[in-house]
Amino acid sequence: MHHFHYKKNELYCEDVPIASIAKRVGTPFYVYSHATLKRHFDAFDGAFSDVKHLTCYSMKSNSNKALLALFAGRGGGVDIVSGGELYRALNAGVDPGKIVFSGVGKSVQDLEYAVSSQILMFNVESPQELLKLNDVALRSGQKARISIRVNPDVDPKTHPYISTGLKENKFGIGVEEALGQYEKATKLDGLDVVGVSCHIGSQLTQTSPFVDALRKLKELIAQLKDMNISIRYLDLGGGLGITYDSEMPPQPSEYARDIKSELASTDWTLILEPGRVIVGNAGALVTKVLYAKTSHEKNFFVVDAAMNDLMRPSLYGAYHGIQPVKRNPGEKLTADIVGPICESGDFLAKDRQVEPLAPEDLIAVMSAGAYGFSMSSTYNSRPRVCEVMVKEDRFEIIRQRETFEDLVRGESIPDFLTVG
Ligand code: LLP
């Protein structure tokens, strides 16, 4: 459920007509519904309220400071994967004691920054990282709390690019190898072994792969106990899917029920790293039709947003619903919605049944709150679009549209090109 709906054939976000936002900020733009963000966070976090847990929002899905501040204000932490994300999180007021750091390629600088920020936990993904983190911690006179990110080898049954917990994937350490690494970690003075973690993939539409992974983690924790290594945190990662088209993913309450049923009589603090399920359906990308054209009997609507603004359709063949901002009772036609970028892969929707559209009409590309803006680029020298948050009958810009000056910021022409 989200707060994008029609009133008298006009698309609203909460109580604000989308067209009125376009009039003020221009197009394209991302718009997020505050009520939806809040409700999704609370529904997810609340589903675990009867067990010790921490919801670490996976900020790679949408790292705008306003969203981070909203979730932090509701008790959330974050899952980060880079120094840049740590900076954003701290800047938005997230408690460092609620930050977990995953990622296969953490640089020394990132490790130093996170150690000195005293984050909750590093999810270590390789034997070499373990040693490097130990060095960094010793050098800064601190102890780094760690879990080992285990690759449980379960099939999340999702798109291959976003499945991460199979043994052929680059993530984590195999369960068999993990025991030895835990033993090693307990002997390293810079490290404090506190957890076990995994993340098996994204956009999962069933709970069984999560339960399978959890069972493997439980077996590992039992073996660690036999080695006198006790664990405080069990981090299950993120991955719960959403409805883009006709998918029927489990509700957070069902997901929580299945996970909690595996945790009876344990004392671990459960860490969850949801991204998409919280923000995905809380946002839309609004774009304007520039041209309507028919070539070789195919209908195209060329809009002012492109693959650089929302790359999921091009990269994964992902489906995003297309909604006209003003409904038109005319007969539907089949068309591609494409952007201005010079690549055939630049499309937002293919062979879609849409109402007739004309230049200046606005459309909303739905379910774009997760991995939309955060994956955008300036390809074709297109400034990144602005982001807006709506709360009831008002809205605010939460990120300014970039300018042409922003495009060349930091670039320079070397003297040897101009002198001589
Ligand atoms: N934790 C870790 C360690 C992750 O790598 C991810 C996502 C998450 C949590 C959050 O997963 P979520 O709850 O959002 O499914 N760009 C792709 C998705 C890539 C996901 C990467 N990792 C897309 O647009 O579908």
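Residues numbered from 1 in each chain as written. Predicted model: local features only at pLDDT ≥ 70, side-chain atom pairs only at ≥ 80, totals over all residues. Heavy atoms only, no water.

Tell me about the domain arrangement of the protein chain, and name the residues and values.
According to the domain assignment, the protein chain consists of domain 1 (4-31 + 280-408) and domain 2 (34-276). The gap between the C-alpha centroids of domain 1 and domain 2 is 32 Å. With 22 residues of domain 1 at the contact, the number on the domain 2 side is 20 residues. Together domain 1 and domain 2 conceal approximately 1900 Å² of surface at their shared face, both sides included; 56% is due to carbon and sulfur atoms. Taken together, domain 1 and domain 2 are joined by zero salt bridges. Of all elements in the fold, only helix 11 (312-316), strand 20 (386-391) and strand 21 (394-399) reach the threshold of two or more residues within the side of domain 1 that touches domain 2. Element by element, the count of residues in the side of domain 1 that touches domain 2 is highest for strand 20, at four residues. (Domains from an automatic or database assignment. Contact = heavy atoms within 4.5 Å. Buried area = accessible area lost by both parts, 1.4 Å probe. Salt bridge = Lys/Arg side-chain N within 4 Å of Asp/Glu carboxyl O. Helix = DSSP H or I, 4+ residues; strand = E, 2+ residues; numbered from the N terminus.)

An account of the pairing of strand 5 (residues 53-58) is requested, with residue identities and associated values reported.
The buried fraction of strand 5 amounts to five of the six residues, a majority that puts the element mostly inside the structure. Bridge count for strand 5 against strand 13 (residues 269-272) is three bridges, and the pairing is parallel. Residue pairing for strand 13: L54 is matched across the bridge by I271. As paired strands, strand 5 and strand 6 (residues 77-80) are joined by three bridges and run parallel to one another. Each bridged residue has a counterpart across the sheet, and for S58 the counterpart in strand 6 is D79. With helix 3 (residues 65-73) bridging strand 5 and its parallel neighbour strand 6, the resulting β-α-β unit is right-handed. (Buried < 20%, exposed > 50% of the residue type's maximum accessible area, 1.4 Å probe, protein only. Pairing = 2+ DSSP bridges. Right-handed = clockwise from strand over helix to strand, strands pointing away.)

I'd like a rundown of the site of the ligand, residues and numbers included.
Taken together, 19 residues are adjacent to the ligand, and S202, E273, R312, Y316 and Y371 come closest. For the ligand, an oxygen atom lies 3.4 Å from a polar atom in the side chain of K60. Contact between the ligand and D79: a nitrogen atom at 3.2 Å from a side-chain N or O atom of the residue. Starting from 590 Å² of accessible surface for the ligand in isolation, the protein chains cover 92%. When each cavity is represented as a set of grid points, the ligand is found to reside in the largest pocket. Taken together, the residues of the shell around the ligand sort by class into five nonpolar, eight polar and six charged. (Near = heavy atom within 4 Å. Polar contact = N/O pair within 3.5 Å; in protein donor to acceptor, adjacent residues only side chain to side chain. Areas by Shrake-Rupley, 256 points an atom, 1.4 Å probe, with all protein chains shown as cover. 1 Å grid on protein atoms, 1.4 Å probe; cavity = no way out; pocket = protein on both sides within 12 Å on 5 of 7 lines; lining within 4 Å. Sits in = over half its atoms within 2 Å of the grid points. Nonpolar A, V, L, I, M, F, W, Y, C, P; charged D, E, K, R; others polar.)

Account for the side chain of D45, naming residues and giving values.
Topologically, D45 is positioned in helix 2 (residues 34-46). Among buried Asp, Glu, Lys and Arg side chains, D45 stands out as unpaired, with R74 the closest opposite charge at 7.7 Å. Separated by 2.5 Å, the side chains of D45 and T55 make a polar contact. Setting aside chain neighbours within four positions, we find D45 in contact with H53, T55 and R74. (Lys, Arg positive; Asp, Glu negative; His and termini not counted.)

How would you sum up the nonpolar core? Please name residues and give values.
Counting 95 residues, the largest nonpolar core has F122, I146, Y182 and I337 as the members making the most contacts within it. Per-element accounting of this core gives the leading share, seven residues, to helix 8 (residues 208-226). Per-domain counts for this core show at least three residues from each of domain 1 (4-31 + 280-408) and domain 2 (34-276). Those residues in contact with I337 that lie beyond four places of it in its chain are F301, V303, I322, F347, L348, A349, V354, L357 and I363. (Core = buried A, V, L, I, M, F, W, Y, C linked by side-chain atoms within 4.5 Å.)

How would you summarise the sheet that holds strand 3 (residues 16-17) if you had to cite specific residues and measurements?
Across the sheet, which stays open at both edges, the three strands sit in the order 1-2-3 with antiparallel pairing between neighbours. Unpaired on one side and paired on the other, strand 1 (4-7) and strand 3 mark the two borders of the sheet. Summarising the sheet, strand 2 (residues 10-13) and strand 3 pair through two bridges and their orientation is antiparallel. Bridging across to strand 3, Y12 finds its partner in P17.

Go over the pattern of salt bridges, please, and point to the residues and values.
Evaluation of the coordinates by the stated rule reveals 19 salt bridges. A salt bridge links E112 to R139; the nearest nitrogen and oxygen atoms lie 3.0 Å apart. Taken together, the positions of E112 in helix 5 (residues 108-116) and R139 in helix 6 (residues 127-139) put the pair 27 residues apart, joining distant regions of the chain. A relative accessible area of 58% places R139 in the exposed class. With a closest N to O distance of 3.9 Å, K187 and E183 form a salt bridge. Relative accessible area serves as the criterion here: at 40%, E183 is assigned to the partly exposed category. Salt bridges linked by common partners bring R215, K218 and E262 together as one network.

Before we move on, can you summarise the environment of G238 with the specific residues and values?
Tracing the sequence through the fold places G238 in the loop between strand 12 (233-235) and helix 9 (252-260). Each C-alpha atom, one on G238 and one on F210, is 9.5 Å from the other, the two residues being 28 residues apart in sequence.

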